[in-house]
Amino acid sequence: IIERADRKLFLDAAVIQQGRLAEQHSSLEKDELMKMVRFGADQILSGKGGRYTDEDIDALIARGEEKTSEIQAKLQTDVKHNLADFKLLGDGTDDGKDTFSFDGKNYREENSDVNFINLPQRQRKRNYDVNEYFRDAMNTGGPTSGMKAHAADAASKKRKKGPVFHDFQLFNRERLNALAERERDIAAKKEHQIKLIGELRAKAKQSGAFGEAASDSNERESLLQQAVELEKRLDEFSLSPGELQEKARLHAEGFPDWNKKDFKAFTTALERRGRYDFTSIARDVMNETGKGENEIQRYYVAFWTNYRRIQDWRKILDKIQRGESKIKRLRGIRDAIQEKIERHLEDTFGSQFVDMNGSKLPSANQLLEHSWSKMKINYGGSAKGRAYQEEEDAFLIAMMYRHGYGAAERIQMSIRRAWQFRFDWYFKSRSAEEIQKRCDLLVKIIERENEDVRKTLEQEKLQKEEQSQETPAAPANDVSDESPDPANKGSGEPMDVVENAVVETKLVGDEE
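Calculation rules
Residues numbered from 1 in each chain as written. Predicted model: local features only at pLDDT ≥ 70, side-chain atom pairs only at ≥ 80, totals over all residues. Heavy atoms only, no water. Salt bridge = Lys/Arg side-chain N within 4 Å of Asp/Glu carboxyl O. Helix = DSSP H or I, 4+ residues; strand = E, 2+ residues; numbered from the N terminus. Buried < 20%, exposed > 50% of the residue type's maximum accessible area, 1.4 Å probe, protein only. Patch = residues over 30% accessible without salt bridge, like charges linked within 9 Å, V, L, I, M, F, W, Y side chains within 5 Å. Areas by Shrake-Rupley, 256 points an atom, 1.4 Å probe, with all protein chains shown as cover. Lys, Arg positive; Asp, Glu negative; His and termini not counted. Charge placed at Lys NZ, Arg CZ, Asp CG, Glu CD. Core = buried A, V, L, I, M, F, W, Y, C linked by side-chain atoms within 4.5 Å. Contact = heavy atoms within 4.5 Å. Expected span 1.5 Å × (residues − 1). Phe/Tyr/Trp six-rings, centres within 6.5 Å; stacked < 30°, edge-to-face > 60°. Lys NZ or Arg CZ within 6 Å of the ring centre and 35° of its normal.

1. Some words on the pattern of salt bridges
Here is step 1 of the chain: Inspection of every chain in the model, using the stated rule, returns 20 salt bridges.
Here is step 2 of the chain: One salt bridge in this structure joins arginine 184 and glutamate 181, with 2.7 Å as the shortest N-O distance. Of this pair, arginine 184 and glutamate 181 both sit in helix H7 (residues 173-207), three residues apart, which is roughly one turn of that helix.
Here is step 3 of the chain: For arginine 184, a relative accessible area of 23% gives the class partly exposed.
Here is step 4 of the chain: The class for glutamate 181 is partly exposed, based on a relative accessible area of 38%.
Here is step 5 of the chain: The shortest N-O distance in the salt bridge between glutamate 183 and lysine 247 comes to 3.1 Å.

2. Description of a positive patch on the surface
Here is step 1 of the chain: Together, Lys260, Lys264, Lys315, Lys319, Arg322 and Lys326 line one region of the surface with positive charge.
Here is step 2 of the chain: Of all the elements in the fold, those that place two or more residues in the positive patch are helix H10 (260-273) and helix H13 (313-349).
Here is step 3 of the chain: The element that contributes the greatest number of residues to the positive patch is H13, accounting for four residues.
Here is step 4 of the chain: Within the secondary structure, lysine 326 is located in helix H13.
Here is step 5 of the chain: Judged by its relative accessible area of 61%, lysine 326 is exposed.

3. Regarding the nonpolar core
Here is step 1 of the chain: Within the largest apolar cluster, 31 residues are counted, with the highest numbers of intra-cluster contacts made by Phe395, Ile397, Met400 and Ile411.
Here is step 2 of the chain: The greatest single-element share of this core, amounting to seven residues, is contributed by helix H15 (residues 390-403).
Here is step 3 of the chain: Setting aside residues no more than four positions away along its own chain, phenylalanine 395 makes contact with Trp372, Ser414, Ile415, Ala418, Phe421 and Phe427.
Here is step 4 of the chain: Counting 23 residues, the second-largest nonpolar core is a separate cluster that includes Trp258, Ala302, Ile310 and Trp313.

4. Considering helix H18 (residues 432-470)
Here is step 1 of the chain: The terminal C-alpha atoms of H18, which comprises 39 residues, lie 57 Å apart, in line with the 57 Å expected from a rise of 1.5 Å per residue.
Here is step 2 of the chain: Residues of H18 that are buried: Ala432, Ile435, Gln436, Arg438, Cys439, Leu442, Val443, Ile445, Ile446, Glu449 and Asn450.
Here is step 3 of the chain: On its buried face, H18 is in contact with H13, H15 and helix H16 (408-417).

5. Section: the packing of aromatic side chains
Here is step 1 of the chain: One pass over the full model with this rule turns up 19 aromatic pairs.
Here is step 2 of the chain: With a centroid separation of 6.5 Å and an interplanar angle of 55°, the aromatic rings of phenylalanine 263 and phenylalanine 303 are classed as tilted. Taken together, the residues span a long stretch of sequence, with phenylalanine 263 in helix H10 and phenylalanine 303 in helix H12 (residues 293-306) at a distance of 40 residues. The same class applies to phenylalanine 263 as to phenylalanine 303, namely buried.
Here is step 3 of the chain: Ring geometry for tryptophan 372 versus phenylalanine 395: centroids 5.0 Å apart, planes at 70°, classification edge-to-face. Here tryptophan 372 is found in the loop between helix H14 (364-369) and H15, whereas its partner phenylalanine 395 is found in helix H15, with 23 residues between them in sequence.
Here is step 4 of the chain: Residue class for phenylalanine 395 comes out buried when judged on its relative accessible area of 5%.
Here is step 5 of the chain: Among the aromatic residues, those joined into a ring-pair cluster are Phe168, Phe255, Trp258, Phe263, Phe266, Tyr299, Phe303, Trp304, Tyr307 and Trp313.
Here is step 6 of the chain: Over the aromatic face of tryptophan 258 sits the side chain of lysine 291, whose NZ or CZ is 5.1 Å from the ring centroid.
Here is step 7 of the chain: When the ring centre of tyrosine 426 is taken as reference, the NZ or CZ atom of arginine 430 above it lies at 3.9 Å.

By themselves these figures say nothing about function.
And the structure:
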């Protein structure tokens, strides 16, 4: 059994696994050694089946060593693992078949005297040409190193498609594509001329073979001379210095380091801040992308100069304009609320702080904190609604002035902290969405109220202007032509005329 298993393992390793069965762990681990030592120790120590002395154990070990040596010797002598002389079963009593047996005949000893010779690699026969030898040695007939460099440059430029320019990188892609197309055309012409030079050299090589006539030698020299002339003109197949300078300038104008994420952050900042607040735009883009302020400023200028190079520039401008409309609306709401608060403070405190020149004046928030409950709201023709009281609306207006429009959550927390509404469960239980809706309605009421106040002031101003225009002036011709007496200087008719004019003015004003 051991011999057959060893043969099978050898056959598997030699034919199937091809060495993959090589032992990877040559040393045994500690647990494996302990298992080997403890194997059978329980039965010996239990005392079942008789007692064993040290002599018995030594005799058993000696018999095991003898049996192992016999097996190893047999494996070394009889089982020589060689594919040329391999048997699956052992010799002697085994009836196994030899691998050299086929169709009832054993070919093992038939061709034992044949020696196999490794054949060398075949080499093609090559005719010797002294002209070709010197031509290759002196590089007069074959392509020179410069020709090889020109050929490699032309092939690379012909296959080159150029870098990918995205529209948001603000490259002048039309002009760059035109220059790239011209460069590819020049490379194609250069490659054609290189091919022509190769053909001329090939013709010269064929015409200048050993043993030809003198005329053929002259023809070879002329062909080589033409090839040399064409090779000298290969440097002309390139862009002009002006075109190369323009190409470098166009590459420098773009922003190859900007990706789609950076462009998205830039346009979002424009929508949020507007196109004129560059400081806020740069701060948002720096926080989002990590780019420097100078680079953002350069991209900002290039964007508004060449934004039409972007494919969806109309959509981007529409978004920016909508964002600016929102900003304008928020500013209008802020100004309306501020106008309402200033008018309320003026009506409440009046000229109480006019004489406070040296002392510090209180802020608007401090004044509003003690006077918001006295604020009057002109609801107009529409009813103010049963849900909200005027005091609650006044508090919302004051909080919008303090926290800003749209800060509904902060206003909600201020309502819950205000002691004036500690028992107003309806007002305290309103959600942020409901508070925002009420604030929107109050903003419309404030804007309408401000508009009415402005119209009233304009009407009053027009009435005053009309009154001043209708007031008659003192006529200069009513004064007597006679010169007044010097003794009566400072009294007389001129003063009477002025008094009469004032009286008439008062009467006209009373009638109006």
